[in-house]
Amino acid sequence: MDSERTVIVRMFGLLHSARKAAGLPSTVSVEVPEAGTNARLIALDLELDTDIIEGVFVNGIVFDVDHAVMPGDRIAFVPHGTPGPHRLYLGLYRAGQANAESEDSDETAVTETESDTSIQD
Amino acid sequence: MRYILRVNMSDLAITKEDLPAKWERYGGRALTSAVVFEEVPPTSDPLGAENVLVIAPGLLSGTNTPNGGRLSIGAKSPLTGGIKESNAGGQAANGLGRLGIAAIIFSGKPADESARYMLTIEADGAASMSRVDEWAGEGNYETADAIKALRPEGDRCSTITNGPAGEAGFKAAGIAVSDMKGYPNRFAGRGGLGAVMGSKGLKAIVISDKDLSTPEHADKEAFSAAIKTFSAALKEHPVSGQGLPTYGTNVLTNILSEAGGLPTRNFSNGSFEGAEATSGERQREITLERGGNVQHGCHTGCVIQCSRYWVDKDGKYKTKGPEYETVWSFGANCGINDLDAIAELDRTCGDFGLDTIEMGATMGVYMDSGEIAFGDGAAALAALKSVFGEGKPGRVMGDGTEATGKAFNVEHIPVVKHQALPAYDPRSVQGMGVTYATTTMGADHTAGYTVTANILKVGGDIDPLKPEGQVELSRNLQIATAMLDALGLCIFVAFPVLDIPEAFTAIHEMAQAHTGDTWDVDALMQLGKETLVYERLFNERAGMGPEDDRLPAFFKNVELPPHNVTFQVSDADLDTVFDFVPEVAAGMGLA
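What you are looking at is a predicted structure, and each value in this text was computed from that prediction instead of being measured. (Residues numbered from 1 in each chain as written. Chains lettered and ligands numbered in written order. Predicted model: local features only at pLDDT ≥ 70, side-chain atom pairs only at ≥ 80, totals over all residues. Heavy atoms only, no water.)

**Q** Honestly, the nonpolar core in this entry has me stumped. Any pointers?
**A** In a soluble, globular protein the nonpolar side chains are often hidden away together inside. Residue and element names in this part refer to chain B. W23, Y26, L31, F230, L256, L487 and I507 are the most contacted members of the largest nonpolar core, which has 116 residues in total. For I507, the contacting residues outside a window of four places in its chain are F230, L484, L487, L489, V497 and L524. F170, V327, I342 and M367 belong to the second-largest nonpolar core, a separate cluster that totals 33 residues. (Core = buried A, V, L, I, M, F, W, Y, C linked by side-chain atoms within 4.5 Å. Buried < 20%, exposed > 50% of the residue type's maximum accessible area, 1.4 Å probe, protein only. Contact = heavy atoms within 4.5 Å.)

Written out as structure tokens, the structure is:
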């Protein structure tokens, strides 16, 4: 794996447990194209249930799941279920709303996109 | 009809009086704050005879309202010097609600400071005071066991107890409330209310609700329909139906660390390399491996069930949770990445009767002084035990973060209104900073939760690292939280209420069907506003001004890694958070 093209991916909450139940780690390195990819494609390659993802941290900032991810980034998928006002203050609520709008308008296009991401646990 | 139980600790007189008509719509925090506002001279000594200790279940407590069993305890705070409402789970609110008690108000103080008393309220409403001098200095767990030994076979009772920290008058002392199994592990932790209880010689309160049914409703059918809707919403929503029941509040550790908002090593970094090891996900795995319980309610009627018990390596009960704020305070904030060490600190605080948020922040400044190293769990435990023993830092630690920071010449002391900031760094979570700075309670994480479309609209647009929109969001969250506290609802009902319109409607339908009064959304928010008016005016009369609604300077001057941001909300904007107070106060007939 080309270390200059890797992205550190973490999975929290129910995504963490689902990975553990499958005997898989909840933190992995993935290799992405030099021009980048988006978080949804990484999630699909990891066989995560994207329906339960509310937001994704990209370098510490919350975005919706279609946000761009570049080589060298650190990302973390957060499922629905974050308690307290942090869901608002951190932008998770906003990201979830954007995800819902995106899925309504462009779900087919995303799922038919061929991924160029390779995964290393 | 609900009534007030008054206990004069100067002469031990116990009297019952009808709840005044002006307070009929109040419960929980609204009632504790109204009583403190009316009955406590704002400039009085918090540990003197003029202060009162008010214990009030929510308006809906004792009913079958889902997650409606929260308890408010209020007084003038010895820590902040202002008004205080500290909120706890546990069984006591349910028992008081079934008994029809709107509030217990303790006034005065005994002439003999060595005396210890226990108030017992039987299921028939009979209340009596007994001497328990032999319990002086006992921990909360030992006291709870002693009470159980006194109770008749088959009794069902809850306890409110005061540990040795409260008896010693420590400003970081909290009050313990028993959970459904009788463990004294739910806390009205913040603001030093244990010291107020201790100043009155009150060691314990026992509340029996054996064979008592729920209070009658004005419209039983409508109430049943509303709680059915509310319960379904709580179970359906991913926050209350999945995230919290599965991982508890500690699901936040990984998230806040990733956001750069998890205060680490006395607020010197926003991310903790030990977050994964202390996360809710890891906590669940360890607890299950050891055969512990990872999901139960802290009170009757809780459908969210975010409580859990930490067990030691032999599978024996150690403490509750630990909750997120405790895992943060003794974990990231002290650089400790060992959940067993954190649980031991939690248990020790629980037994002493010390607020884990205040003590973790205190430990953080003590470590920052260089006296002990960040990450040293054994040294932290020894330091904590020094409040009643030998060595450093000694008794000063019991008075909290500011006192300890000053004693050891620490530059960065994270307090507002003399109370330690909880588990969210205001530089990376600016909205929390607004709430910390301006809340009537001193830096308090629970002073700002939810409701209304306005909250969602603003909350859908804000950037956590920028000041825009934060004041408006914080204001509305504080109003909504005060309302939930007044009703006795757990703050974690907030997101189902936000996302599922029927859930919000169900709240005023429950209030209306139970009380027979007219309730709607505006009335609920008015309840929250009136609560804050009492608190704000009390603090003003106690001498607090705009200068007290500020974060410590280092949050504005020192950048926080990894985002390298400072707190950016202006003082002028902070001063607008409570701009609704004059108009609402005038409407309440308050100058």
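**Q** How should I be thinking about the sheet that holds strand β4 (residues 71-76) of chain B in this particular structure?
**A** Sheet strands pair by backbone hydrogen bonding; their relative direction is either parallel or antiparallel. Residue and element names in this part refer to chain B. Judged by pairing direction, the sheet is mixed, and its 6 strands sit side by side in the order β2-β1-β6-β3-β4-β5 without closing on themselves. Every interior strand has two partners, whereas the edge strands, β2 (13-18) and β5 (83-88), have only one. Direction aside, the axes of adjacent strands within the sheet are offset by 20° on average. Pairing analysis gives 6 bridges linking strand β1 (residues 3-8) to strand β6 (residues 101-107), with the strands arranged parallel. Opposite R6, over in β6, you have I105 as the bridge partner. Of the strands in this sheet, β1, β3 (53-57), β4 and β6 touch helix α2 (residues 92-99), which is tilted by about 80° from β3. (Pairing = 2+ DSSP bridges. Helix = DSSP H or I, 4+ residues; strand = E, 2+ residues; numbered from the N terminus. Axes fitted to C-alpha atoms, helices over the stretch in contact; angles between N-to-C directions.)

**Q** Is there a simple way to think about helix α13 (residues 377-385) of chain B in this case?
**A** Note: α-helices contain 3.6 residues per turn, so residues at a spacing of three or four share the same orientation. Residues and elements named next belong to chain B. All of the buried residues in α13 are G377, A379, A380, L381, A383 and L384. The inward-facing, buried residues of α13 abut α11 (339-352) and α12 (356-368). Where α13 begins, the side chain of D376 points an oxygen toward the backbone nitrogen of A378, at a separation of 3.3 Å. (Polar contact = N/O pair within 3.5 Å; in protein donor to acceptor, adjacent residues only side chain to side chain.)

**Q** Honestly, the pairing of strand β8 (residues 127-131) of chain B in this entry has me stumped. Any pointers?
**A** As a general feature of sheets, a regular strand has side chains that alternate between the two faces. Residue and element names in this part refer to chain B. Two elements, strand β7 (residues 117-121) and β8, share 5 bridges in a ladder whose sense is antiparallel. Considered in β8, the bridge of Y117 is made with R131. In this structure, the hairpin formed by β7 and β8 is closed by a connection of 5 residues, where G125 is found at a positive phi of approximately 95°.

**Q** Sorry if this is basic, but what is going on with empty space enclosed by the protein here?
**A** Take a probe with the size of a water molecule and roll it over the atoms, and the empty space left behind shows itself. Inspection of the entire model under this criterion finds 3 cavities of 30 Å³ or more. Space inside the second largest cavity adds up to approximately 70 Å³. Lining the second largest cavity we find F12, G13, L14, V78, P79, H80, G81 and T82 of chain A together with G243, Y247, V251 and I255 of chain B. When contributions to the lining of the second largest cavity are tallied by element, the ones reaching two or more residues are α1 (13-21) and β7 (74-79) of chain A together with α7 (238-247) of chain B. (1 Å grid on protein atoms, 1.4 Å probe; cavity = no way out; pocket = protein on both sides within 12 Å on 5 of 7 lines; lining within 4 Å. Points joined across faces, edges and corners; volume = space filled by probe spheres on them.)

**Q** Please clarify how the layout of surface pockets should be interpreted in this entry.
**A** Residue and element names in this part refer to chain B. By volume, the largest pocket is sized at about 510 Å³. Lining the largest pocket are 23 residues, and of these M1, R2, E216, H514 and T515 lie nearest its centre. Where the lining of the largest pocket is concerned, the elements lending two or more residues are α2, β6 and α19 (501-515). Looking at the lining of the largest pocket element by element, the count peaks at 4 residues for α2. Of the residues in the lining of the largest pocket, the class split is 10 nonpolar, 7 polar and 6 charged. What the second largest pocket holds in volume is close to 290 Å³. Every residue lining the second largest pocket is counted, 18 residues in all, and those nearest its centre are R156, C157, S158, M180 and G182. Looking at the lining of the second largest pocket, the elements with two or more residues in it are α3 (140-150) and β9 (157-161). (Nonpolar A, V, L, I, M, F, W, Y, C, P; charged D, E, K, R; others polar.)

**Q** Where do I start with unusual backbone geometry in this structure?
**A** Peptide bonds are, in most cases, trans, and in most cases residues other than glycine have a negative phi. Residue P322 of chain B follows G321 of chain B across a cis peptide bond; omega there is -5°. Cis peptide bonds are those with omega within 30 degrees of zero, and the linkage from P561 of chain B to P562 of chain B qualifies with 0°. Mapped onto the fold, P562 of chain B is located in the loop between α21 (554-557) and α22 (571-574). Of note in this structure, E47 of chain A is not a glycine but carries a positive phi near 60°.

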